[in-house]
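Overview (structure and organization)
This is what each chain is made of:
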Amino acid sequence: RLGGMTHGAYLETCSSMVYYSYVWLVTPPQTFQLVVDSGSSDLWVSTLGCDGCETTTAYDWSKSTTWELGGGDVRLRYVSGEYVSGTLAFDRLEWAGMVVEKQGFLEVEKADFRICGKEDGVLGIGPSEPGSALGVPSVLETMGQTMDGLLGFWLNKDFDDGDGGPAGAISIGSTDGDRYRGDIQ
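Residues numbered from 1 in each chain as written. Predicted model: local features only at pLDDT ≥ 70, side-chain atom pairs only at ≥ 80, totals over all residues. Heavy atoms only, no water.

Here we look at the overall build of the protein
Assigned secondary structure in the protein consists of 1 helix and 10 strands. Shown N-terminal to C-terminal, the secondary structure of the protein runs as helices and strands in the order β-β-β-β-β-β-β-β-α-β-β. For the protein, the C-alpha radius of gyration of 16 Å lies close to 16 Å, the compact-globule estimate for 185 residues. Reported as C-alpha extents along the three principal axes, the dimensions of the protein are approximately 50 × 35 × 35 Å. Within the protein, the proportion of its 185 residues that are buried is 46%. By sequence separation, contacts in the protein at least 24 residues apart represent 60% of the contacts at least 6 residues apart. Across the protein, the 12 positively charged side chains and the 27 negatively charged ones have centroids separated by 2 Å. (Helix = DSSP H or I, 4+ residues; strand = E, 2+ residues; numbered from the N terminus. Rg over C-alpha atoms; globule rule 2.2 N^0.38 Å. Buried < 20%, exposed > 50% of the residue type's maximum accessible area, 1.4 Å probe, protein only. Contact = heavy atoms within 4.5 Å. Lys, Arg positive; Asp, Glu negative; His and termini not counted. Charge placed at Lys NZ, Arg CZ, Asp CG, Glu CD.)

Below you can see the structure in the form of structure tokens.
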């Protein structure tokens, strides 16, 4: 339990517009720093030996006892023109106090993508779009928490990187009463 939330995760920032969260993939878990993207449903992580990736942690499927190959090659293109490409896979994911035993994601093997410089990938929390290149349910949908449910963001307007506090938090399926006053209508 995080603050007043049932399920949630703290957010960190690399700028005043970009936030990331820590996600655990594979068995045994490896920690990844993923940019939280409310505009997509795609989950991807950079793999060991990825061409064009500058990451803090690289996904290594050979170290996972729960990894499954999901299919062929996939290329995700962003509005900015940047792209990532790789292979669809499935593995165990832990995030926001919840576990998904078989989450679909893209193992990125080639990238032309930079937001903060050292992100390990992207955690898309938007709803899945019909015909999306990845073709798997989003993390929130797999967890059973769709965008029709409660999803809240708290961004710390007083964030100071030196104070040790979080840059924000995301609450899933509940509200964090410590972060607002009054009633939500």
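Quick notes on the state of the cysteines
Taken as a whole and assessed by the stated rule, the structure comprises 1 disulfide. Covalently, C50 is tied to C53 through a disulfide, its sulfur atoms 1.9 Å apart. By relative accessible area, which is 22% here, C53 ends up partly exposed. (Disulfide = S-S within 2.5 Å.)

Description of the packing of aromatic side chains
Counted by the stated rule, this structure contains 6 aromatic pairs. Plain terms: the ring middles of F32 and Y59 are 6.2 Å apart, the flat faces sit at 45° to each other, and that makes the pair tilted. Here Y59 lies in the loop between β4 (43–51) and β5 (68–77) and F32 lies in strand β3 (residues 30–37), a separation of 27 residues in the sequence. Taken individually, F32 and Y59 each receive the classification buried, so the pair is uniform in this respect. Positioned over the ring face of Y83 is R75, at 3.8 Å from the centre of the ring. The positively charged end of K102 is found above the aromatic ring belonging to F90, 5.4 Å away from the centroid. (Phe/Tyr/Trp six-rings, centres within 6.5 Å; stacked < 30°, edge-to-face > 60°. Lys NZ or Arg CZ within 6 Å of the ring centre and 35° of its normal.)

Things to note about the environment of S40
By the element assignment, S40 lies in the loop between β3 and β4. The class for S40 is buried, based on a relative accessible area of 12%. Residues S40 and E129, spaced 89 residues apart in sequence, show a C-alpha to C-alpha distance of 8.4 Å. Apart from the residues lying within four places of it in its own chain, the contact partners of S40 are G124, I125 and G126. Among the polar contacts made by the side chain of S40, one reaches the main-chain amide nitrogen of D42 at a distance of 3.5 Å. (Polar contact = N/O pair within 3.5 Å; in protein donor to acceptor, adjacent residues only side chain to side chain.)

Observations concerning the environment of A169
Its location among the elements puts A169 in strand β10 (residues 168–172). Sequence-wise, A169 and L140 are 29 residues apart; in three dimensions their C-alpha atoms are separated by 16 Å.

What to know about the pattern of salt bridges
Evaluated as defined, the whole model comprises 4 salt bridges. Here E68 ties to K102 by a salt bridge, and the two come within 3.2 Å at their closest N and O atoms. Residue E68 is found in strand β5, and its partner K102 is found in strand β7 (residues 98–112); the two are separated by 34 residues along the sequence. Exposure remark for K102: the relative accessible area of 47% places this residue in the partly exposed category. Among the charged side chains, a network of salt bridges with common partners joins R92, E94 and E101. (Salt bridge = Lys/Arg side-chain N within 4 Å of Asp/Glu carboxyl O.)

What to know about the nonpolar core
Core analysis: the biggest nonpolar cluster contains 27 residues, and L25, L93, W95 and L123 have the highest contact counts within it. Of all elements in the fold, only β1 (8–13), β2 (19–25), β3, β4, β6 (83–95), β7, α1 (139–142) and β10 reach the threshold of two or more residues within this core. If near-sequence neighbours (up to four positions away) are discounted, L25 is found in contact with Q30, F32, V45, Y59, R92, L93 and F105. V18, Y78, L88 and A111 belong to the second-largest nonpolar core, a separate cluster that totals 17 residues. (Core = buried A, V, L, I, M, F, W, Y, C linked by side-chain atoms within 4.5 Å.)

Some remarks on unusual backbone geometry
For the bond from T27 to P28, the omega torsion is 0°, close enough to zero to count as cis. Within the secondary structure layout, P28 lies in the loop between β2 and β3. One non-glycine residue, V26, lies in positive phi territory at about 75°. Within the secondary structure, V26 sits in the loop between β2 and β3. Residue class for V26 comes out buried when judged on its relative accessible area of 1%. Positive phi outside glycine occurs at A96, with the angle close to 60°. With respect to the secondary-structure elements, A96 resides in the loop between β6 and β7.

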